[in-house]
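Architecture at a glance
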Amino acid sequence: MAINIIDELVDNLTKLPGIGRKTAQRLSFFILSMSDTEAKRLAEAIINLKEKALFCSICFNITDKDPCHICSDNLRDRKTICVVEEPSNIVAIERTKIFKGLYHVLLGALSPSEGITPERLKIKELLSRVTEGEIQEVIIATNPNTKGELTASYLKDVLKAYNIKVSRIAYGLPIGSDIEFADEVTLSKSLEGRRAL
Ligand SMILES: [Zn+2]
């Protein structure tokens, strides 16, 4: 029996987070209605991402060249590092256009119950960047939820040993939320209103 080619795409799309069967069907028929060029571009973008994406060896952002475009941009303020949990958080903060410093992605947040200890995150790498000297301020922009707060308080403690300013983004963000989904105005305000730890 021939595989139903629509079902094949639907099955694959339902593996994506937040995509139920109904949405997957709608997307599949939409893709079918796209021009050949558009549909190919979409398929190629997925292949490219898997083939070329790597972590920046400095900040652990997702990039196709190492160091990433942010770490290698000499116009950025190299004295400030904004610490986030995931590469997608960088996209959210960059959209606000108010932060001109560098980033550091932890690739997760502390969660002792799930075995996520400090050694599992890119904390050692953050400390070695701070040790190198140029950094004057670390802004902790982990999510305003239990894991994010735990991570922020751990970072505050370990960063005490260094002669730098440590700040936390303000609580304009709803508690328990994810900065990835914050709107630009809220995120801008929470960065501007950051408080020293
Ligand atoms: Zn980088």
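Because the structure is predicted, anything quoted here is derived from the model rather than measured. (Residues numbered from 1 in each chain as written. Predicted model: local features only at pLDDT ≥ 70, side-chain atom pairs only at ≥ 80, totals over all residues.)

With that settled, consider the overall build of the protein. A tally of regular secondary structure across the protein gives seven helices and seven strands. Scanning the protein from its N terminus toward the C terminus, one meets helices and strands in the order α-α-α-β-β-β-α-β-α-β-α-β-α-β. Overall, the C-alpha framework of the protein stretches about 70 × 35 × 35 Å when taken along its three principal axes. Residue burial in the protein is summarised as follows: out of 197 residues, 26% are buried. At a minimum sequence separation of 6, the contacts of the protein that also span at least 24 residues come to 55%. (Helix = DSSP H or I, 4+ residues; strand = E, 2+ residues; numbered from the N terminus. Buried ≥ 20, exposed ≤ 12 C-beta atoms within 10 Å, placed from the backbone. Contact = placed C-beta atoms within 7 Å.)

Turning to the domain arrangement of the protein, a few remarks are in order. It is common to report an interface's size as the accessible area lost on association of the parts. Each assigned domain of the protein is listed with its residue range as follows: domain 1 (5-52) and domain 2 (62-196). Computed over C-alpha atoms only, the centres of domain 1 and domain 2 are separated by 32 Å. (Domains from an automatic or database assignment.)

Pairing is mixed across the open sheet formed by five strands, whose spatial order is S4-S3-S5-S6-S7. Each edge of the sheet is formed by a strand with only one pairing partner; in this case those strands are strand S4 (102-105) and strand S7 (195-196). In terms of strand pairing, strand S3 (residues 80-84) meets S4 through four bridges, oriented parallel. Looking at the pairing, Cys-82 lines up with Tyr-103 of S4. (Pairing = 2+ DSSP bridges.)

What follows deals with the environment of Phe-181. Secondary-structure assignment places Phe-181 in the loop between strand S6 (165-168) and helix H7 (184-192). Residues Phe-181 and Ala-92, spaced 89 residues apart in sequence, show a C-alpha to C-alpha distance of 7.6 Å.

In this section: H7. Listing the buried residues of H7 in full gives Leu-187, Ser-190 and Leu-191. One side of H7 carries all its buried residues, which in axial view fall inside an arc of 100 degrees. The inward-facing, buried residues of H7 contact helix H4 (87-96). (Arc of directions from axis to C-beta.)

Below, the discussion takes up the environment of Lys-165. By the element assignment, Lys-165 lies in strand S6. Residues Lys-165 and Ile-139, spaced 26 residues apart in sequence, show a C-alpha to C-alpha distance of 8.4 Å. Among all residues touching Lys-165, those that are not within four sequence positions of it are Gln-136, Glu-137 and Ala-196.

Let us now look at the nonpolar core. Proteins that are soluble and globular tend to have nonpolar side chains buried together. Core analysis: the largest hydrophobic core is formed by 34 residues, its most contacted members being Cys-82, Val-83, Tyr-103, Val-138, Ile-140 and Ala-141. Mapped by element, the contributors of at least two residues to this core are S3, H4, S4, helix H5 (123-131), strand S5 (137-140), helix H6 (146-159) and H7. Among the elements that make up this core, the one with the highest residue count is S3 (four residues). When near neighbours in sequence (up to four residues on either side) are disregarded, Val-83 contacts His-104, Leu-106, Leu-126, Val-138, Ile-139, Ile-140, Ala-141, Thr-142 and Leu-155. (Core = buried A, V, L, I, M, F, W, Y, C linked by C-beta atoms within 7 Å.)

Within the secondary structure, Ile-135 is located in the loop between H5 and S5. In this structure, Ile-135 is in contact with Lys-79, Ile-81, Arg-129, Val-130 and Ile-164, ignoring residues within four places of it in sequence.

Every second residue of S4 is oriented toward a common face, with Leu-102 and His-104 on one face and Tyr-103 and Val-105 on the other, all of them buried. Regarding topology, H4 serves as the crossover connection from S3 to the parallel S4, and that connection is right-handed. (Right-handed = clockwise from strand over helix to strand, strands pointing away.)

A separate point is the packing of helix H1 (residues 5-13) against helix H2 (residues 21-33). Geometry of a packed helix pair, given as the angle between the helix axes and the separation of the axes. Packing of H1 against H2 brings their axes to within 8 Å, and their N-to-C directions diverge by 130 degrees. Judged on the interaxial angle alone, H2 and H1 are oblique. Judged by the twist between their axes, the crossing of H1 over H2 is right-handed. On the side of H1, the interface is formed by Ile-6, Leu-9, Val-10 and Leu-13, while H2 contributes Arg-21, Ala-24, Gln-25, Leu-27, Ser-28 and Ile-31. Per-class residue counts for the contact of H1 with H2 are seven nonpolar, two polar and one charged. (Axes fitted to C-alpha atoms, helices over the stretch in contact; angles between N-to-C directions. Parallel < 35°, antiparallel > 145°, perpendicular 65-115°, else oblique. Left-handed = near helix turned anticlockwise from the far one by under 90°. Nonpolar A, V, L, I, M, F, W, Y, C, P; charged D, E, K, R; others polar.)

A regular strand carries its side chains on alternate faces of the sheet. Among the five residues in S3, five count as buried, and that is most of the element. Residues Thr-80, Cys-82 and Val-84 of S3 are buried on one face, and the alternating residues Ile-81 and Val-83, pointing to the opposite face, are buried as well. Sheet topology places S3 next to S5; four bridges connect them, and they run parallel. Note on S5: the bridge partner recorded for Cys-82 is Ile-139.

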